[in-house]
There are 2 protein chains.
Amino acid sequence: MFVILVYDVEQKSVAKALRTCRKYLYWVQNSVFEGEISEANLTKLKMELEKVINKEKDSVIIYRFRTTKYSLIEIIGIKKGGEENIL
Amino acid sequence: MFVILVYDVEQKSVAKALRTCRKYLYWVQNSVFEGEISEANLTKLKMELEKVINKEKDSVIIYRFRTTKYSLIEIIGIKKGGEENIL
């Protein structure tokens, strides 16, 4: 399935959350990730994320899509993050 | 069309960006918005956002989908933002 994941986590968890998400998804922008992922890997990703975020304060939102990908992606302003920037 | 919009803007522009996005889309979570929107309204939204954000520093990402909505949305951690929280 295709997923879009957005996180909003405390500064101290950002590096770990980023590393975790990048193992499974393409890093689009700052806190936004996307990609094709299997059900098994999505489960693993969620379990790993739950270990690195603070569930009382942080937030992760995952959109699942049956159809493959979106029809268009537009960016206004700067392109923060993305594959080329390694933290 | 159905869109998902995520912004990452400086603190001083957050309130204005939030107000602008909420005029056109449903506020899902902190910096995440979604909804059905016409091409005309999306153009208006983008023009209004360009006025309130700093295009040198801020970033807005818009996913467009031909098909209506996603098949599932999951939230890990807390639900930040959303319709019930008025800034």
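Residues numbered from 1 in each chain as written. Chains lettered and ligands numbered in written order. Predicted model: local features only at pLDDT ≥ 70, side-chain atom pairs only at ≥ 80, totals over all residues. Heavy atoms only, no water.

This is how the line gets drawn: UniProt positions are given in the numbering used here, feature names are shortened, and annotations may be inferred rather than shown by experiment.
Going by an unreviewed UniProt entry, chain A carries the name CRISPR-associated endoribonuclease Cas2 and comes from Proteiniborus ethanoligenes. Listed in UniProt under the heading Cofactor (unreviewed entry), the comment for chain A reads: "Mg(2+)".

**Structural notes on the relation of the copies chain A and chain B**
Applied cut-off: For this overlay, a least-squares fit was computed on C-alpha atoms, restricted to residues scoring pLDDT of at least 70 in both copies. Residue contacts are defined here by distance: any two heavy atoms, one from each residue, within 4.5 Å place the two residues in contact.
Take chain A, turn it by 180°, move it 0.0 Å along the axis, and it overlays chain B with an RMSD of 0.0 Å. Such a turn and shift between the copies fits a two-fold axis. The share of interface residues of chain A whose copies in chain B are also at the interface is 100%, consistent with both copies meeting through the same surface.

**A word on the pattern of salt bridges**
Should their charged atoms come close, side chains of opposite charge can pair. Which entries qualify depends on this criterion: Should a side-chain nitrogen of Lys or Arg be within 4 Å of a carboxyl oxygen of Asp or Glu, the pair is scored as a salt bridge. Every helix listed is a DSSP run of H or I at least four residues long, and every strand listed is a run of E at least two residues long, numbered separately from the N terminus. Whether a residue is buried, partly exposed or exposed follows from its accessible area with a 1.4 Å probe, protein chains only, as a fraction of its type maximum: under 20%, in between, or over 50%, in that order.
Under the criterion given, the structure shown has eight salt bridges over all chains. Note that arginine 64 of chain A and glutamate 39 of chain A form a salt bridge whose closest N and O atoms lie 3.1 Å from each other. Of this pair, arginine 64 of chain A sits in strand β4 (residues 59-65) while glutamate 39 of chain A sits in helix α2 (residues 39-52), and the two are 25 residues apart along the sequence. Its relative accessible area of 11% is what places arginine 64 of chain A among the buried residues. Glutamate 39 of chain A gets classed as partly exposed once you look at its relative accessible area, which sits at 43%. For the salt bridge of lysine 55 of chain B with glutamate 50 of chain B, the shortest nitrogen-to-oxygen distance reads 3.5 Å. On the basis of relative accessible area, lysine 55 of chain B is assigned to the partly exposed category, the value being 40%. With a relative accessible area of 36%, glutamate 50 of chain B lands in the partly exposed category.

**A look at the interface of chain A and chain B**
The figure often quoted for interface size is the accessible area lost as the parts come together. Put simply, the rule reads: Buried area, as used here, totals the accessible surface that two parts lose on assembly, with accessibility defined by a 1.4 Å probe and the loss added over both. In the scheme used here, Gly and all other residues not listed as nonpolar or charged are polar, with Ala, Val, Leu, Ile, Met, Phe, Trp, Tyr, Cys and Pro taken as nonpolar and Asp, Glu, Lys and Arg as charged.
Contact residues are listed per partner, giving 36 residues for chain A and 36 residues for chain B. Across the chain A/chain B interface, buried area totals approximately 3400 Å², and carbon plus sulfur atoms make up 57% of it. Considering every element that reaches the side of chain A that touches chain B, the biggest residue donor is β4 of chain A, with seven residues. For the side of chain A that touches chain B, the residue count by class is 17 nonpolar, six polar and 13 charged.

**With respect to the pairing of strand β2 (residues 26-29) of chain A**
Residues and elements named next belong to chain A. For clarity, the threshold we go by: Here, any two strands with at least 2 DSSP bridges between them count as paired.
Inspection of the sheet shows β2 paired to strand β3 (residues 32-36) by three bridges, in the antiparallel sense. Counterpart to tyrosine 26 in the pairing with β3 is glutamate 34. In this antiparallel pair of consecutive strands, β2 and β3, the connection spans two residues, and asparagine 30 shows a positive phi of 35°.

**Notes on the UniProt feature "binding site: Mg(2+)" (unreviewed entry) in chain A**
As annotated in UniProt, the feature "binding site: Mg(2+)" (unreviewed entry) corresponds to Asp8 of chain A in the numbering used here. Mapped onto the elements, aspartate 8 of chain A comes out in strand β1 (residues 2-8).

**A closer look at unusual backbone geometry**
Phi at asparagine 30 of chain A takes a positive value of approximately 35°, unusual for a residue other than glycine. Looking at where asparagine 30 of chain A falls in the secondary structure, it is placed in the loop between β2 and β3.

**Some words on the packing of helix α1 (residues 11-24) of chain B against helix α2 (residues 39-52) of chain B**
All names here are of chain B. Formally: Comment: axis = line fitted to C-alpha atoms, over the contacting stretch for helices; angle = value between 0 and 180 degrees taken between N-to-C directions. Any angle that falls under 35 degrees is termed roughly parallel, while one over 145 is termed roughly antiparallel, one within 65 to 115 roughly perpendicular, and all others oblique.
At their nearest, the axes of α1 and α2 sit 10 Å apart, and the two run at 170° to each other. Regarding the angle of α1 to α2, the classification is roughly antiparallel. Counted together, Ser13, Lys16, Ala17, Thr20, Cys21, Lys23 and Tyr24 of α1 and Asn41, Lys44, Leu45, Glu48, Leu49 and Val52 of α2 form the full contact between these two elements. Here the contact of α1 with α2 is composed, by residue class, of six nonpolar, three polar and four charged.

**Considerations on the packing of aromatic side chains**
Filter applied, for reference: Stacked, edge-to-face and tilted are the three classes for Phe, Tyr and Trp ring pairs, Trp counted by its six-membered ring, which pair at centre distances within 6.5 Å; planes under 30 degrees apart are stacked, over 60 edge-to-face, the rest tilted.
One pass over the structure, following the stated rule, counts nine aromatic pairs over all chains. On the numbers, 6.4 Å between centres and 15° between planes, the contact of tryptophan 27 of chain A with phenylalanine 33 of chain A is stacked. Taking the relative accessible area as the measure of exposure, tryptophan 27 of chain A reaches 5% and is therefore buried. By relative accessible area, phenylalanine 33 of chain A is classed as buried at 0%. Ring geometry for tyrosine 63 of chain A against phenylalanine 65 of chain A: centres 6.3 Å apart, planes inclined by 25°, an arrangement best described as stacked. Grouping residues by exposure puts tyrosine 63 of chain A and phenylalanine 65 of chain A together as buried. Here the aromatic residues Phe2, Tyr63 and Phe65 of chain A together with Phe2, Tyr63 and Phe65 of chain B are joined through ring pairs into a cluster of three or more.

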